[in-house]
Amino acid sequence: MTELCPNLTLSTSLPKRADAVLLGMATINQDQPALVGLLPDLDKAYQKAYGTSISAMAAAMGAAAKEGTVTTLPSVDGTRVLVVGLGDADVTPDGVRNAAGNGLRAIAGLADVENLAVAVSLELSDPELIQAAGEGALLGSYRFTPIKAETTPAAVQSVTLVSPVSNAGGKSAVELASVIAEAVCQARTWTNTPPNLLYPETFAEAARSFLKDQKIAVEILDEKALEKGGYGGILAVGGGSARKPRLVRMSYAPRGASAHLALVGKGITFDSGGLDIKPAGQMAGMKFDMSGAAAVIAAIHAIAAAGLKVKVTAYAAMAENLPSGTSFRSSDVLTMFDGQTVENYNTDAEGRLVLADAIGRAAQDSPDLIVDVATLTGACMVALGLRTGGLITNGEETSDLLLDAAEAAGEDFWELPLTEYVRGQLKSPVADMKSGAGNRWGGALVAGAFLERFVPEGIGWAHLDIAGPADNPEEAYGCTPKGGTGVSVRTLVALAGQLATR
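Just so you know, these numbers come straight off a predicted model, no measurement behind them.

Cut-offs and rules
- Residues numbered from 1 in each chain as written.
- Predicted model: local features only at pLDDT ≥ 70, side-chain atom pairs only at ≥ 80, totals over all residues.
- Heavy atoms only, no water.
- Core = buried A, V, L, I, M, F, W, Y, C linked by side-chain atoms within 4.5 Å.
- Buried < 20%, exposed > 50% of the residue type's maximum accessible area, 1.4 Å probe, protein only.
- Contact = heavy atoms within 4.5 Å.
- Salt bridge = Lys/Arg side-chain N within 4 Å of Asp/Glu carboxyl O.
- Phe/Tyr/Trp six-rings, centres within 6.5 Å; stacked < 30°, edge-to-face > 60°.
- Helix = DSSP H or I, 4+ residues; strand = E, 2+ residues; numbered from the N terminus.
- Lys NZ or Arg CZ within 6 Å of the ring centre and 35° of its normal.
- 1 Å grid on protein atoms, 1.4 Å probe; cavity = no way out; pocket = protein on both sides within 12 Å on 5 of 7 lines; lining within 4 Å.
- Points joined across faces, edges and corners; volume = space filled by probe spheres on them.
- Nonpolar A, V, L, I, M, F, W, Y, C, P; charged D, E, K, R; others polar.

(A) Structural view of the nonpolar core. Core analysis: the biggest nonpolar cluster contains 99 residues, and Leu 261, Ile 297 and Val 371 have the highest contact counts within it. Excluding its chain neighbours within four sequence positions, the residues that come into contact with Leu 261 are Val 310, Lys 311, Val 312, Thr 313, Leu 369, Val 371, Leu 495, Ala 496 and Leu 499. Listed in part, the 48 residues of the second largest apolar core include Leu 247, Ala 449, Leu 451 and Ile 459.

(B) Broad picture of the pattern of salt bridges. Enumeration according to the criterion identifies 18 salt bridges in this entry. With a shortest N-O distance of 3.5 Å, Lys 278 and Asp 271 are connected by a salt bridge. In terms of burial, Lys 278 and Asp 271 fall into one category: buried. Note that Asp 365 is salt-bridged to Arg 361, the shortest N-O span being 3.1 Å. Side by side, Asp 365 and Arg 361 carry an identical accessibility label, which is buried.

(C) Expanded view of the packing of aromatic side chains. A full pass over the atoms with the stated rule returns five aromatic pairs. Arranged with centres 4.6 Å apart and planes meeting at 25°, the rings of Tyr 231 and Phe 337 form a pair that is stacked. Of this pair, Tyr 231 sits in the loop between helix 7 (223–229) and helix 8 (232–238) while Phe 337 sits in the loop between strand 12 (333–335) and strand 13 (341–343), and the two are 106 residues apart along the sequence. Judged by relative accessible area, Phe 337 falls into the buried class, the value being 17%. Taking the ring centre of Tyr 199 as reference, the NZ or CZ of Arg 243 above it sits at 4.2 Å. Lying over the aromatic face of Tyr 477, Arg 387 brings its terminal NZ or CZ to 3.5 Å of the ring centre.

(D) Representation of the layout of surface pockets. When its volume is computed, the largest pocket comes out at roughly 1100 Å³. Around the largest pocket, the lining comprises 44 residues; the ones closest to its centre are Leu 376, Thr 377, Gly 378, Ala 379 and Met 381. Of all the secondary-structure elements, those providing two or more residues to the lining of the largest pocket are strand 10 (260–271), helix 10 (351–363), helix 11 (378–384) and helix 14 (443–452). For the lining of the largest pocket, the element with the most residues is helix 11, which contributes six residues. Classifying every residue of the lining of the largest pocket gives 21 nonpolar, 13 polar and ten charged. When its volume is computed, the second largest pocket comes out at roughly 840 Å³. What lines the second largest pocket is a set of 29 residues, among which Leu 4, Tyr 142, Arg 143, Phe 144 and Thr 145 lie closest to the centre. Looking at the lining of the second largest pocket, the elements that each hand over two or more residues are helix 3 (93–108), strand 7 (156–162) and helix 5 (168–192). Per-element tally for the lining of the second largest pocket: the top contributor is helix 5, with three residues. Here the lining of the second largest pocket is composed, by residue class, of 14 nonpolar, ten polar and five charged.

(E) Quick peek at empty space enclosed by the protein. Counted by the stated rule, this structure contains two cavities of 30 Å³ or more. Reported here for the largest cavity is a volume of approximately 50 Å³. Forming the boundary of the largest cavity are Ala 187, Thr 191, Ser 291, Ala 295, Ile 466, Ala 470, Thr 485, Gly 486, Val 487 and Val 489. For the lining of the largest cavity, the secondary-structure elements that each account for two or more residues are helix 5 and helix 9 (291–305). Looking at the lining of the largest cavity residue by residue, the classes come out as six nonpolar, four polar and no charged. Space inside the second largest cavity adds up to approximately 30 Å³. Lining the second largest cavity, in full, are Cys 380, Gly 390, Leu 391, Ile 392, Leu 416, Ala 444, His 463 and Asp 465. At the level of secondary structure, the elements contributing two or more residues to the lining of the second largest cavity comprise strand 15 (389–393) and strand 18 (460–465). Among the elements that take part in the lining of the second largest cavity, strand 15 stands out by supplying three residues, more than any other.

Put into structure tokens, the structure is as follows:
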């Protein structure tokens with residue numbers, strides 16, 4: 001594990017060191033609230049210290065089963081006790097994940113805490129619930145380390161899941177939760193990093209460093225290699241910045257893999273809009289425009305660390321979109337990696353150009369499925385809001401795969417349509433196609449139709465537009481923090497797991 005996540009373990013009883021214990025409360029028997037995961041040793045200590053049970057104390061202090069609620073009870077023998085609402089007793093993995101996230105956020109937010117050992121006891125009766133609780137606890141404890149002269153110690157050092165399940169399935173669930181949480185937290189940290197520190201060159205090297213502990217081959221194409229290879233989209237977008245673009249190619253090829261998944265991520269480390277510059281108020285959050293690249297890099301690490309038997313080739317297209325005398329322009333005609341020509345309609349629609357080059361390159365690897373991930377359009381945010389990503393695919397089977405993976409991962413995506421009318425908006429009198437329709441209607445669909453043009457016939461393709469959920473500007477909720485969320489990492493790992501077992 002990295003310093004981004006606490007150490008996660010599994011135990012059948014309360015560990016000797018527990019600075020904080022998280023219990024649950026759910027509605028049972030005609031909506032009556034009841035404690036979930038009550039530990040006998042802890043209850044005896046409570047009886048001795050306060051002359052009452054933990055259940056009675058929780059009721060007296062107004063602990064509730066409502067999801068999202070967290071109640072702090074009096075400490076006992078130096079151990080803090082918190083109760084988190086689980087909702088109905090028939091709780092889902094996603095409900096457990098978010099409850100654990102709520103509880104750990106509350107613990108990490110307590111005054112004057114550092115390097116806590118936390119026990120989570122929520123009656124985790126099967127490996128699926130164990131994995132969900134582990135993910136939620138680690139993701140809920142996440143904090144972006146401030147860039148300060150003095151380092152800040154972690155609030156939570158370790159998490160122990162208390163469960164009667166002690167077999168290999170339970171231990172595997174803990175290991176997988178740790179792997180996935182580490183990946184999500186790394187994606188969050190990259191997206192939260194200021195753009196003067198994370199730009200194409202440093203981002204590419206950070207990816208190489210992060211992946212070095214896995215059997216993943218990494219190739220970084222600099223601006224000279226990109227020019228030699230004919231990556232017209234990436235070069236155009238990155239041409240206005242002194243910080244030159246990069247394309248990172250990552251390959252994981254385990255023995256016995258029968259399916260081949262290609263992942264493509266948009267890595268615009270800062271998006272000013274280029275010559276079609278954004279208004280000042282809309283530019284502040286543009287460090288998050290590399291969230292798609294962060295997600296695919298993190299996902300391939302988790303897939304390899306989990307040992308999933310699926311071949312994965314990932315591409316992260318990295319550029320900084322700035323205005324200068326060398327910037328590309330609206331009306332420029334660009335020759336893309338696969339030879340198609342594009343009439344550029346707006347320099348602030350740059351993400352689809354770097355993705356098109358990367359998709360064209362990924363297609364040469366002859367994968368079974370290409371999935372691209374990008375903070376692509378404000379139009380998708382208008383349509384679906386801040387917590388739901390858009391999904392566009394070229395086939396029903398692919399749609400079902402992605403939606404099933406997202407549901408298993410506890411991430412929210414909604415499928416959007418592609419029609420012949422939308423595809424027709426890309427006609428150009430001077431090139432093979434335009435990069436957009438030139439109007440604001442159905443912008444997310446038009447962007448998807450553009451990307452589809454670079455997917456060869458016979459290859460499955462899915463596009464995840466994460467413009468809304470990649471950055472949470474509101475208060476934290478469940479296992480989702482304020483700021484970068486790492487969205488789509490869990491879905492991509494779940495998708496790889498599905499392909500590995502088909």
